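Take a look at the letters that make up each chain.
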Amino acid sequence: MESGRRARTTVVAAAVLLSAASLLAAAPAMAAPAAIKLTSASCPTEILQGQSSGCVTELKNLLNATAPG
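As the structure is a prediction and not an experimental result, all values here were calculated from the model. (Residues numbered from 1 in each chain as written. Predicted model: local features only at pLDDT ≥ 70, side-chain atom pairs only at ≥ 80, totals over all residues. Heavy atoms only, no water.)

1. Some points on the state of the cysteines
As a reminder, the rule being used: Throughout, a disulfide means two cysteine sulfur atoms within 2.5 Å of one another. Secondary structure elements follow DSSP: runs of H or I of four or more residues count as helices, runs of E of two or more count as strands, with numbering from the N terminus. A 1.4 Å probe rolled over the protein chains alone gives each residue an accessible area, and that area as a share of the maximum for its type sets the label: buried under 20%, exposed over 50%, partly exposed in between.
Under the definition given, this model contains one disulfide. A sulfur-sulfur separation of 2.0 Å characterises the disulfide bridge that pairs C43 with C55. Across the disulfide from C43 to C55, rotation about the S-S bond amounts to roughly -100 degrees, and the bridge is consequently left-handed. Placement of C43 in the loop between α1 (2–26) and α2 (54–66) and of C55 in helix α2 is noted, with a sequence separation of 12 residues between them. Here C43 falls in the buried class, since its relative accessible area comes to 12%.

This is the structure:
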């Protein structure tokens, strides 16, 4: 009885690991857009949450450069 339970546990653990591995491998990371100077005419006056552009990349770079330590 104990060996049957152990075998089922091993099968379930293997299935969980395979599922997790396939999820990680299925979605490659996307590169951030190239930074655009915030003073450029291409950048909007307001940058809102959820936006994705070179202006956002530049803003993140500036914030990261000035973040305390």
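Next comes the rest of the write-up.
2. Comments concerning the side chain of E58
To keep it simple, the criterion reads: We count Lys and Arg on the positive side and Asp and Glu on the negative side, and we leave His and both chain ends out. Each salt bridge in this description consists of a side-chain nitrogen of Lys or Arg and a carboxyl oxygen of Asp or Glu lying within 4 Å of one another. Residue contacts are defined here by distance: any two heavy atoms, one from each residue, within 4.5 Å place the two residues in contact.
The topology assignment puts E58 in helix α2. No salt bridge is formed by the buried E58, whose closest oppositely charged neighbour, K37, lies at an N-O distance of 4.1 Å. Those residues in contact with E58, other than ones at most four positions away along the chain, are A35, I36, K37 and L38.

3. A closer look at the environment of C55
For C55, a relative accessible area of 2% corresponds to the buried category. Spatially, the C-alpha atom of C55 lies 8.4 Å from that of A34, the residues being 21 residues apart in sequence.

4. Describing the side chain of T57
The residue T57 is located in helix α2 in this model. The exposure class of T57 is buried, given its relative accessible area of 13%. Ignoring anything within four residues of it in the chain, the contact list for T57 reads A32, P33 and A35.

5. Description of α2
Defined as follows: To estimate how far a helix should extend, the number of its residues minus one is multiplied by 1.5 Å. Polar contacts, as used here, are pairs of N or O atoms within 3.5 Å; protein pairs need one atom able to donate a hydrogen and one able to accept it. Residues neighboring in sequence count only if both atoms are side-chain atoms.
The end-to-end C-alpha distance of α2 is 19 Å, a good match for the 18 Å that 13 residues give at a rise of 1.5 Å each. When we look at burial in α2, the residues that qualify are G54, C55, V56, T57 and E58. Measuring from the backbone nitrogen of C55 back to the side-chain oxygen at the start of α2 gives 3.2 Å, which picks out S53 as the cap.

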